[in-house]
Amino acid sequence: MTAHGAATPATGRPHGAQYTADEFAAVYGAAPTGTWAAPGRVNLIGEHTDYNDGFVMPLALPHTTLAAASARTDGVLRLHSGGADGGIVELRTDELRPAPQGGWAAYPAGVVWAMREAGLPVGGADLHYDSTVPTGAGLSSSAALEIVTALALNDLYALGQEPQRLAQLAQRAENAFVGVPCGIMDQTAAACCTEGHALFLDTRDLTRRQIPFDLAGEGLRLLVVDTRVKHELGDGAYAERRAGCERGARALGVRALRDVPYAQLPEALDKLADEPVVQALVRHIVTENHRVEEVIARLDAGRTRAIGPLLTAGHASLRDDFKISCRELDLAVDTAHAAGALGARMTGGGFGGSAIVLVEEDGATAVGAAVTEAFAAAGHAAPRIFEAVPGAGAHRVE
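Residues numbered from 1 in each chain as written. Predicted model: local features only at pLDDT ≥ 70, side-chain atom pairs only at ≥ 80, totals over all residues. Heavy atoms only, no water.

- For the protein, an unreviewed UniProt entry supplies the name Galactokinase and the organism Streptomyces decoyicus.
- Under Catalytic activity (unreviewed entry), UniProt gives the following word-for-word description of the protein: "alpha-D-galactose + ATP = alpha-D-galactose 1-phosphate + ADP + H(+)".
- The Subcellular location (unreviewed entry) comment attached to the protein in UniProt states, word for word, "Cytoplasm". (UniProt positions renumbered as here; feature names shortened; annotations may be inferred.)

Here's what the structure looks like:
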């Protein structure tokens, strides 16, 4: 957390718990009851597997969304963001209805709606948000916003909900209220990650394992390359990929693609020979689940550098089979490799956003410079490059 009034690299604006509390007071005329934080995330491996009941492995970023909040007794929900245009969004909790395309306020409003739908006694609240999680970068700024809201309300109303339950409520908010058919990974990462670890999550039964991921201790760095682009091609493509995966599962007679064994992939692909698009989606999901298992095995064996080729294979699969990469992401990955990276891949939903790059500590600067120079030579806007240090999940800060 940055000090009061300190500017952050992600946004250039002041950020910090005291700053957010002060801004709350300036907006609402009184000090907040408390301030909470929830992180953005990068996904080390396991992309688009969560809505296929598969395996994922995210880690929390040090970039957070902060919420200063107080409860209200009149059923009014007031929302304000330091990073969004416009003033206070005022709603009534008993009048909340699903609102696709409802703007940024639909995410926290959806959390209140989902909690009330679940029978939790959530009333009104005043909330002010401030964030250093880059939006549109594939780093789950929406999940951070949802989870920080859920945690604040959980504490304000003494609901006693566990972090994973808050993640499920936030996912329902995004699915049913906002209208985005996301899986459970992003919300679970924001709620449940621990500092210094990557989180292995089985998205079917929600079992979790915190896997030590001390890159600095091994002389390694994980860089995030935010390409700062989001292509329109990505609009609706997430839902299309999900629907295609569900078609593949039905054609193969399984509950979800997670149930297709890696060893039986050739037979499964033969059954889908008449549907090459679905066939490619299935190939990515099955091989990606296998890559997650391989990454865990190599980390458990102390072979962190050996996960690099698995990251790179994951990018090739997302690019060629899932077809959700773009020229900027491919340029970042290819340039990083040419500059000596151990592995690299796109992370997030695709069609822009960010790539991650595993590098030796002493090569991090050179790799970052090479990517920046390649973007300039290609006429792209300069990427934002920063180190991903595994951070803590959502928590109260004041």
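### What to know about the overall build of the protein
- Looking only at helices and strands, the protein features 11 helices and 12 strands.
- Here the protein has a C-alpha radius of gyration of 21 Å; the compact-globule value for 398 residues is 21 Å, and the two agree.
- Its C-alpha atoms give the protein principal-axis dimensions of roughly 60 × 50 × 40 Å.
- Per-residue burial for the protein yields a buried fraction of 57% across its 398 residues.
- Put simply, of all contacts in the protein between residues at least 6 apart along the chain, 71% involve residues at least 24 apart.
- Accessible surface, the protein as shown: approximately 15,300 Å² in total, 50% of it carbon and sulfur.
- The centroid of the 33 positive side-chain charges in the protein is displaced by 3 Å from the centroid of its 48 negative side-chain charges. (Helix = DSSP H or I, 4+ residues; strand = E, 2+ residues; numbered from the N terminus. Rg over C-alpha atoms; globule rule 2.2 N^0.38 Å. Buried < 20%, exposed > 50% of the residue type's maximum accessible area, 1.4 Å probe, protein only. Contact = heavy atoms within 4.5 Å. Areas by Shrake-Rupley, 256 points an atom, 1.4 Å probe, with all protein chains shown as cover. Lys, Arg positive; Asp, Glu negative; His and termini not counted. Charge placed at Lys NZ, Arg CZ, Asp CG, Glu CD.)

### Comments concerning the pattern of salt bridges
- One pass over the full model with this rule turns up 23 salt bridges.
- A salt bridge links Arg-72 to Asp-126, with the shortest nitrogen-to-oxygen separation between them at 3.2 Å. One end of the pair, Arg-72, is in strand β2 (residues 55-72); the other, Asp-126, is in strand β5 (residues 124-131), and 54 residues separate them in sequence.
- Among the residues examined, Arg-72 registers a relative accessible area of 21% and is labelled partly exposed.
- Where Arg-242 meets Glu-246, a salt bridge forms, and the shortest distance between an N and an O atom there is 3.4 Å. A residue pair is termed a helical-turn pair when its members lie 3 or 4 positions apart in one helix, as Arg-242 and Glu-246 do in helix α6 (residues 237-252) at four residues.
- Look at the salt bridges and you will find they share partners, linking Asp-53, Arg-204, Arg-255 and Asp-259 into a network. (Salt bridge = Lys/Arg side-chain N within 4 Å of Asp/Glu carboxyl O.)

### Topic: the side chain of Thr-335
- Within the fold, Thr-335 resides in helix α10 (residues 327-338).
- Not counting chain neighbours up to four residues away, the residues in contact with Thr-335 comprise Ala-370, Val-371 and Ala-374.

### Remarks on the confidence of the model for the protein
- Overall, the predicted model of the protein reaches an average pLDDT of 93, with 95% of residues at or above 70.
- Here residues 1-13 is a poorly scored stretch, pLDDT under 50, and it has 36 contacts once near neighbours within four places are set aside; other chains count. (pLDDT = per-residue confidence, 0-100.)

### Thoughts on helix α9 (residues 308-320)
- Here α9 contains 13 residues, and its C-alpha end-to-end distance of 19 Å stays within 8% of the 18 Å for a straight helix at 1.5 Å per residue.
- Within the span of α9, buried status applies to Gly-308, Leu-310, Leu-311, Gly-314, His-315, Ser-317 and Leu-318.
- Each element contacted by the buried residues of α9 is listed here: β1 (34-45), α8 (276-300), α10, β9 (343-347) and β10 (352-360). (Expected span 1.5 Å × (residues − 1).)

### Quick look at the nonpolar core
- With 50 residues, the main nonpolar core has Met-115, Val-122 and Leu-127 as its most contacted residues.
- Formed by 37 residues, the second largest nonpolar core is a distinct cluster that contains Tyr-51, Cys-326, Met-346 and Val-359. (Core = buried A, V, L, I, M, F, W, Y, C linked by side-chain atoms within 4.5 Å.)

### Things to note about the state of the cysteines
- Within the structure shown, the criterion is met by zero disulfides.
- The thiol of Cys-193 is not disulfide-bonded; the next cysteine sulfur, from Cys-192, is found 7.7 Å away.
- Note on Cys-193: relative accessible area 4%, which makes it buried.
- With no disulfide of its own, Cys-326 has Cys-245 as its nearest cysteine by sulfur position, at a separation of 20 Å.
- Cys-326 gets classed as buried once you look at its relative accessible area, which sits at 9%. (Disulfide = S-S within 2.5 Å.)

### Some words on the pairing of strand β11 (residues 384-387)
- On β11, burial follows the alternation: Arg-384 and Phe-386 on one face are buried, whereas Ile-385 and Glu-387 on the facing-out side are not.
- Relative to β11, strand β8 (residues 220-230) is paired through four bridges, and the arrangement is antiparallel. When the bridges of β11 are listed, Val-225 appears paired with Ile-385. (Pairing = 2+ DSSP bridges.)

### Topic: helix α2 (residues 106-117)
- With 12 residues, α2 extends 16 Å between its outermost C-alpha atoms, agreeing within 8% with the 16 Å of an ideal straight helix rising 1.5 Å per residue.
- The buried count for α2 comes to 10 of 12 residues, which makes it a mostly enclosed element.
- If you check which residues of α2 are buried, you get Ala-106, Tyr-107, Pro-108, Ala-109, Gly-110, Val-111, Val-112, Trp-113, Ala-114 and Met-115.
- Packed against the buried residues of α2 are β3 (76-81), β4 (89-92), β5, α3 (141-156) and α4 (163-178).
- Once α2 ends, the next one or two residues include Gly-119, with phi positive near 85 degrees.

### Describing the UniProt feature "site: Transition state stabilizer" (unreviewed entry) in the protein
- As recorded in UniProt, the sites labelled "site: Transition state stabilizer" (unreviewed entry) are Arg-41.
- Inspection of the secondary structure assignment puts Arg-41 in strand β1.
- When sequence neighbours within four positions are dropped, the list of residues in contact with Arg-41 reads Pro-58, Leu-59, Ala-60, Leu-61, Gly-138, Leu-139, Ser-140, Met-185, Asp-186, Ala-189, Thr-347 and Gly-348.

### Notes on the pairing of strand β6 (residues 197-202)
- Extensive coverage of β6 is indicated by the burial of five of its six residues.
- Bridging between β2 and β6 involves two bridges; their strand directions are antiparallel. Bridging across to β6, Phe-55 finds its partner in Asp-202.
- Joining the antiparallel neighbours β6 and strand β7 (residues 208-212) is a turn of five residues, in which Leu-206 adopts a positive phi near 65 degrees.

### Regarding the packing of α3 against helix α5 (residues 185-192)
- Following both chains from N to C, one finds α3 and α5 inclined at 55 degrees, their axes separated by 9 Å at the closest point. On the basis of their axis angle, the class for α3 and α5 is oblique. Considering the relative orientation of α3 and α5, their crossing is right-handed. Along its contact with α3, which presents Ala-143, Ala-144, Glu-146 and Ile-147, the element α5 presents Asp-186, Gln-187, Ala-190 and Ala-191.
- Residue composition of the contact of α3 with α5, by class: five nonpolar, one polar and two charged. (Axes fitted to C-alpha atoms, helices over the stretch in contact; angles between N-to-C directions. Parallel < 35°, antiparallel > 145°, perpendicular 65-115°, else oblique. Left-handed = near helix turned anticlockwise from the far one by under 90°. Nonpolar A, V, L, I, M, F, W, Y, C, P; charged D, E, K, R; others polar.)

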